[in-house]
Amino acid sequence: MSSRPKDDVRSSEITPEAHYLDRRRFLAAAGGFGAALLAVRGATADTLPAPGKPYGLQPDDKPTPWDDVTGYNNFYEFGTDKADPKANAQAFRTRPWTVKVDGLVAKPADYALEDFLKPSAVEDRIYRHRCVEAWSMVVPWRGIPLADVLKRAQPSPKAKYVEFTTLLDPKQMPGQRSRTIDWPYTEGLRLDEAMHPLAFLATGVYGRTLPNQNGAPLRLVVPWKYGFKGCKSIVRIRLTETQPKTAWNQIASNEYGFYANVNPGVDHPRWSQASERRIGEFLKRKTLMFNGYADQVASLYQGMDLAKNY
Ligand code: MTE
């Protein structure tokens, strides 16, 4: 089955002419074997138009092609290999879907997904995405600011943290039939992090409905943190007074901290965090503090020892 959506446009229609000519010139100059290789790579590397306002992007950041964004995933509910989620999540049912918002709020509620989303203006935002495994992408997300739904629930003055929980359904999620993780997958943020205008709840990528493997119908995106914070297929958002348990921290607390801020100066025991491999690129890139969002978020962590609070 083709991995591209049915209404995909042909690459020749979406490649701006100047870029197209540049590439032809480059191919001509490269010559021989290199040119053949580039031609093959070029045929698969074109992306769909990526709608959205760029946030924290560097001049050489380009949206990662659709096939990589939707084919190279971590979603252990559907298998541990990067190709498993796409292969195993296609039949996953994301409607009807209910999101519970509860805990220390004045207005707890069980929302049908449509009602949960309706009051908010949908936005397209292009963010950098950095996994603790030292690979990265640039993803054009569609969704709503997390602060929107938190404000609606009216957090009580006691609320200090927000916990996110993924659906528990071993019938649909084959990975949950073995104890790789203490299911359901949970993640957490401090309330001020969750209220930050960059924290986002995604419902789509590339202007389309979120594919199941990316965490449909609703997943968290916190662009200055490692990817594992991005809890997928969320059914519950709970405000708490104490720091919630998080799935990876429970498995290996020395490897995965609660904060999980992208930090090139603090290595993971198995992966250096100083550099990263952008999916689709050959040479490594230097990893940026807070994944390039330091100007916006560094003040959240003033006075904290980020080597201890990793
Ligand atoms: N959420 C759930 N429920 N289960 C998971 O296994 N993996 C996390 C995160 N959210 C995961 C999850 C990890 S390790 C990463 S890197 C990101 O999802 C990957 O998101 P992506 O597939 O959209 O790139």
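Computed from a predicted model, the values in this text were never measured in an experiment.

The rules we used
Residues numbered from 1 in each chain as written. Predicted model: local features only at pLDDT ≥ 70, side-chain atom pairs only at ≥ 80, totals over all residues. Heavy atoms only, no water. Core = buried A, V, L, I, M, F, W, Y, C linked by side-chain atoms within 4.5 Å. Buried < 20%, exposed > 50% of the residue type's maximum accessible area, 1.4 Å probe, protein only. Helix = DSSP H or I, 4+ residues; strand = E, 2+ residues; numbered from the N terminus. Contact = heavy atoms within 4.5 Å. 1 Å grid on protein atoms, 1.4 Å probe; cavity = no way out; pocket = protein on both sides within 12 Å on 5 of 7 lines; lining within 4 Å. Points joined across faces, edges and corners; volume = space filled by probe spheres on them. Nonpolar A, V, L, I, M, F, W, Y, C, P; charged D, E, K, R; others polar. Near = heavy atom within 4 Å. Polar contact = N/O pair within 3.5 Å; in protein donor to acceptor, adjacent residues only side chain to side chain. Areas by Shrake-Rupley, 256 points an atom, 1.4 Å probe, with all protein chains shown as cover. Sits in = over half its atoms within 2 Å of the grid points. Phe/Tyr/Trp six-rings, centres within 6.5 Å; stacked < 30°, edge-to-face > 60°. Lys NZ or Arg CZ within 6 Å of the ring centre and 35° of its normal.

**Some words on the nonpolar core**
Consideration 1: The biggest cluster of nonpolar side chains holds 76 residues, and the ones touching the most others in it are Phe116, Trp141, Leu146, Phe164, Leu201, Trp224 and Ile237.
Consideration 2: With five residues, strand S5 (residues 135–145) is the largest single contributor of residues to this core.
Consideration 3: Apart from residues lying up to four places away in sequence, leucine 201 is in contact with Phe116, Arg142, Gly143, Ile144, Leu146, Val149, Leu218, Arg219, Leu220, Ile234 and Ile237.

**Quick look at empty space enclosed by the protein**
Consideration 1: Under the definition given, this model contains one cavity of 30 Å³ or more.
Consideration 2: Each pocket or cavity is described by its volume, and for the largest cavity that value is around 90 Å³.
Consideration 3: Around the largest cavity sit 14 residues that line it, and His129, Val221, Val222, Lys225 and Gly227 are the ones nearest its centre.
Consideration 4: At the level of elements, strand S4 (123–130) and strand S10 (219–221) are the ones that each hand at least two residues to the lining of the largest cavity.
Consideration 5: Looking at side-chain class alone, the lining of the largest cavity contains six nonpolar, three polar and five charged residues.

**Digging into the side chain of threonine 186**
Consideration 1: Here threonine 186 lies in strand S7 (residues 186–190).
Consideration 2: For threonine 186, the contacting residues outside a window of four places in its chain are Phe164, Thr165, Lys245, Thr246 and Ala247.

**Brief notes about the site of the ligand**
Consideration 1: What surrounds the ligand is a group of 15 residues, the closest being Tyr76, Glu77, Arg219, Gly230 and Lys232.
Consideration 2: Between threonine 166 and the ligand, the recorded distance is 2.9 Å, taken from a side-chain N or O atom to a nitrogen atom.
Consideration 3: The separation between a nitrogen atom of the ligand and a polar main-chain atom of glycine 230 is 2.8 Å.
Consideration 4: Relative to its unbound accessible area of 530 Å², the ligand is 98% covered by the protein chains.
Consideration 5: Structurally, the ligand is housed in the second largest pocket.
Consideration 6: Its residues assigned to classes, the shell around the ligand shows five nonpolar, seven polar and three charged.

**Side note on the packing of aromatic side chains**
Consideration 1: Across all of its chains, the model carries 16 aromatic pairs by this definition.
Consideration 2: Residues phenylalanine 92 and tryptophan 97 carry aromatic rings whose centres are separated by 5.9 Å and whose planes lie at 80° to one another, so their mutual orientation is edge-to-face. Exposure class is identical for phenylalanine 92 and tryptophan 97. Each is buried.
Consideration 3: Seen from their ring centres, phenylalanine 228 and tyrosine 256 are 5.3 Å apart, and the 80° between their planes marks the pair as edge-to-face. Placement of phenylalanine 228 in the loop between S10 and strand S11 (234–240) and of tyrosine 256 in the loop between helix H9 (247–251) and strand S12 (275–278) is noted, with a sequence separation of 28 residues between them.
Consideration 4: By relative accessible area, which is 10% here, phenylalanine 228 ends up buried.
Consideration 5: Grouping aromatic residues by their ring pairs yields a cluster made of Tyr161, Phe258, Tyr259, Phe290 and Tyr301.
Consideration 6: A cation over an aromatic ring shows up here: lysine 82 above the ring of tyrosine 72, its NZ or CZ 5.8 Å from the ring centre.
Consideration 7: Its end group placed over the ring of phenylalanine 258, lysine 229 keeps NZ or CZ at 4.3 Å from the ring centre.

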